[in-house]
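The chain contents come next:
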Amino acid sequence: MNKYDVIVIGGGPSGLMASIAAAEHGVRVLLLDKGNKLGRKLAISGGGRCNVTNRMDIQDLIAHIPGNGRFMHSPFSVFNNENIIAFFEGLGIQLKEEDRGRMFPVNDKATTVVETLLNRVRMLGVDIRTNTTVKTINYSGESVSEVVLHNGEHIPTPTVIVATGGKSVPHTGSTGDGYPWAEKAGHTITDLYPTEVPITSSEDFIRKKTLQGLSLRDIELTVFNPKGKKIKTHDGDMIFTHFGISGPAALRCSQYVVKALKKFETKTIKMEVDLFPSVSEEALFQQLLAKVKADPKKSLKNLLKGFAPERFLLFVYDKLSLDTQAQASTVTHETFRSLVTICKHFEIEVNGTLSIEKAFVTGGGISIKEIEPKTMHSKKKKGLYFCGEVLDIHGYTGGYNITVAFSTGYTAGKSAAEQVIHK
Ligand SMILES: Cc1cc2nc3c(=O)[nH]c(=O)nc-3n(C[C@H](O)[C@H](O)[C@H](O)COP(=O)(O)OP(=O)(O)OC[C@H]3O[C@@H](n4cnc5c(N)ncnc54)[C@H](O)[C@@H]3O)c2cc1C
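Residues numbered from 1 in each chain as written. Predicted model: local features only at pLDDT ≥ 70, side-chain atom pairs only at ≥ 80, totals over all residues. Heavy atoms only, no water.

Points about the site of the ligand
Close to the ligand lie 36 residues; Ser14, Asp33, Ser174, Asp177 and Glu389 are nearest. The side chain of Glu389 places a nitrogen or oxygen atom 2.5 Å from an oxygen atom of the ligand. Gly398 is positioned such that a nitrogen or oxygen atom in its backbone is 3.4 Å from a nitrogen atom of the ligand. If the ligand stood free it would expose 1,000 Å²; the protein chains cover 96% of that surface. Of all the elements in the fold, those that place two or more residues in the shell around the ligand are α1 (13-24), α2 (40-48) and α14 (400-421). At five residues, α2 tops the list of elements feeding residues into the shell around the ligand. Split into classes, the residues belonging to the shell around the ligand amount to 12 nonpolar, 18 polar and six charged. (Near = heavy atom within 4 Å. Polar contact = N/O pair within 3.5 Å; in protein donor to acceptor, adjacent residues only side chain to side chain. Areas by Shrake-Rupley, 256 points an atom, 1.4 Å probe, with all protein chains shown as cover. Helix = DSSP H or I, 4+ residues; strand = E, 2+ residues; numbered from the N terminus. Nonpolar A, V, L, I, M, F, W, Y, C, P; charged D, E, K, R; others polar.)

Given below as structure tokens:
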């Protein structure tokens, strides 16, 4: 007889929640993780404050999961963001809502969230083995038969939940180990790529670090295809770095950059920053003319103080070769129109992103076409389940990936237990 009904591989948010759900449904669970600690990536998410979920309604949640979000309708019908909130609050963790629906523990401590999950796992009698690397899963005919560890140990079991995460930030343990086990079972792994990742550029102003460290607030950032058609626009903040651009808006645009470079087989594509997304070009131009009318004797530099971040303006003056000491009334309308154009359409030629290892999230993974969405069960092998980032599902940062991990993890754990019990 098998000692364990269910073996969960990976102790990130998806594996921890899968272990909890399986144990809550009355089966014997073993949780294996190769790290010395569980929940290592969860502990650094949301800037170390742990962005446990997001409080948007289900349609909005799905809209923020650009990588196969529609698949999530079924797992969300089993365990969704409100269930996650109730789960933590039921365990005594008060959560607070921040901008864009992001939910954090009130004490801003990721360790509290991780500890709470671990306490629950322990309380439910789940056996935990850390520093235990799984080498492979063996199948007997059409079913799971055992888990093989790197130390040569074989652990027989009828049910395995693979929760090994993606390939990003490998020091947290996510090194892509789950993909070959899935392939061995007959699953397809879609192309893996970095997403939620800083974007690179070799524009002169990036290479010369002219704007490095400059943050732009409440801008709109757009990715264009080579024919000049908009692919995607995101609003929010961004920052210029020594290699390109980063910050929330850039991270959200990054997957579209990766995909466009690949699709159009080109080395660079154009992005544009709109520093004044809520004001039209004409209105902005009129605003500048009104400023001139009010203070015709001011120098151009003084007139434009506070109009945009100073470092950005200095860069623009240089780019347009403007005499900043010139009296405002002598500056031509054409010059003001050029200034407006550059603020509304600041172009950046970008050439890629940082690596998948440096990305916040891995795009691609185990094809969702081969997974039962109501149970997370493999369509290839009996007793095989997948959850979390190992799947071809990814969301924007803001708690969406963690929500996917908890939701698919809970669904997998519950279904795995029910399968064992009803056998
Ligand atoms: C810095 C950072 C910040 C982030 N911030 C956000 C955010 O704000 N919002 C958001 O939604 N998402 C965020 N994410 C993404 C989110 O953390 C991940 O999507 C989520 O952790 C994925 O959970 P998971 O359980 O699928 O995998 P992981 O958390 O990657 O866990 C996988 C686990 O499997 C174990 N494992 C792997 N291989 C083996 C093996 N062979 N044997 C045994 N164990 C193994 C690993 O040790 C690891 O513990 C962030 C990610 C990073 C890196």
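Having put the structure on the table, let's press on.
Examining the sheet that holds strand β3 (residues 53-54)
Strands sit in the order β3-β5-β4 across an open sheet of three strands; the sheet is antiparallel. Strands with a single pairing partner mark the edges of an open sheet, and in this sheet they are β3 and β4 (95-97). (Pairing = 2+ DSSP bridges.)

Let's talk about the packing of aromatic side chains
Counted by the stated rule, this structure contains 10 aromatic pairs. On the numbers, 6.2 Å between centres and 90° between planes, the contact of Phe240 with Phe346 is edge-to-face. Here Phe240, found in strand β14 (residues 230-240), pairs with Phe346, found in strand β17 (residues 346-350); they are 106 residues apart in sequence, far enough to count as distant. Clustering of aromatic rings is evident, with ring pairs tying together Phe205, Phe240, Phe312, Phe315 and Phe346. Sitting over the ring of Phe224, Lys270 keeps its end group 4.5 Å from the ring centre. (Phe/Tyr/Trp six-rings, centres within 6.5 Å; stacked < 30°, edge-to-face > 60°. Lys NZ or Arg CZ within 6 Å of the ring centre and 35° of its normal.)

Remarks on the domain arrangement of the protein chain
Structurally, the protein chain comprises domain 1 (6-192 + 363-422) and domain 2 (198-354). For domain 1 and domain 2, the distance between their C-alpha centres works out to 40 Å. Domain 1 puts five residues into the contact, and the matching count from domain 2 is eight residues. The largest share of the area that domain 1 buries against domain 2 comes from Arg100, Tyr396 and Thr397, three residues that together contribute 71% of it. For the pair domain 1 and domain 2, the number of links is two salt bridges. We note a salt bridge from Lys262 to Asp191, for which the minimum N-O separation is 2.6 Å. Linking domain 1 with domain 2 are four residue pairs in polar contact (both at pLDDT 80 or more), by the criterion used here. (Domains from an automatic or database assignment. Contact = heavy atoms within 4.5 Å. Buried area = accessible area lost by both parts, 1.4 Å probe. Salt bridge = Lys/Arg side-chain N within 4 Å of Asp/Glu carboxyl O.)

Concerning the UniProt feature "domain: RsdA/BaiN/AoA(So)-like insert" (unreviewed entry) in the protein chain
Summarizing the sequence annotation, UniProt attributes the feature "domain: RsdA/BaiN/AoA(So)-like insert" (unreviewed entry) to residues 193-361 in the numbering used throughout. Segment residues 193-361 splits into 36% helix and 25% strand. End C-alpha atoms: 9 Å apart. (UniProt positions renumbered as here; feature names shortened; annotations may be inferred.)

Here we look at the packing of helix α10 (residues 281-294) against helix α13 (residues 333-344)
Where α10 meets α13, the closest approach of the two axes is 9 Å, and the angle between their N-to-C directions is 130°. The orientation of α10 with respect to α13, classified from their angle, is oblique. Seen along the crossing, α10 lies across α13 with a hand that is right-handed. Here α10 contributes Glu281, Glu282, Leu284, Phe285, Leu288, Leu289 and Val292 to the contact with α13, which in turn contributes His333, Phe336, Arg337, Val340, Thr341 and Lys344. Among the residues forming the contact of α10 with α13, the class breakdown is seven nonpolar, two polar and four charged. (Axes fitted to C-alpha atoms, helices over the stretch in contact; angles between N-to-C directions. Parallel < 35°, antiparallel > 145°, perpendicular 65-115°, else oblique. Left-handed = near helix turned anticlockwise from the far one by under 90°.)

Focus on the sheet that holds strand β7 (residues 134-140)
Taken together, the three strands give an open sheet; going across it, the order is β7-β8-β9, and neighbouring strands pair in antiparallel fashion. Each edge of the open sheet carries a strand with a single partner, namely β7 and β9 (154-156). Averaged over all neighbouring strand pairs, the angle between strand axes comes to 25°, with direction disregarded. The pairing of strand β8 (residues 143-149) with β9 spans three bridges and is antiparallel. Each residue of the ladder has a partner; that of Glu146, found in β9, is Pro156.

Some words on the environment of Val340
Structurally, Val340 is set in helix α13. Once the C-alpha coordinates of Val340 and Phe276 are considered, the two residues, 64 residues apart in sequence, prove to be 9.4 Å apart. With residues up to four places along the chain from it excluded, the contact list for Val340 reads Glu281, Leu284, Phe285 and Leu288.

Overview of the pattern of salt bridges
As enumerated under the stated definition, the model contains 22 salt bridges in all. When the shortest N-O distance is used, the salt bridge between Arg55 and Glu82 registers 2.9 Å. You can see Arg55 sitting in the loop between β3 and α3 (58-63) and its partner Glu82 sitting in helix α5 (residues 81-90), a full 27 residues away along the chain. Residue class for Arg55 comes out partly exposed when judged on its relative accessible area of 35%. (Buried < 20%, exposed > 50% of the residue type's maximum accessible area, 1.4 Å probe, protein only.)

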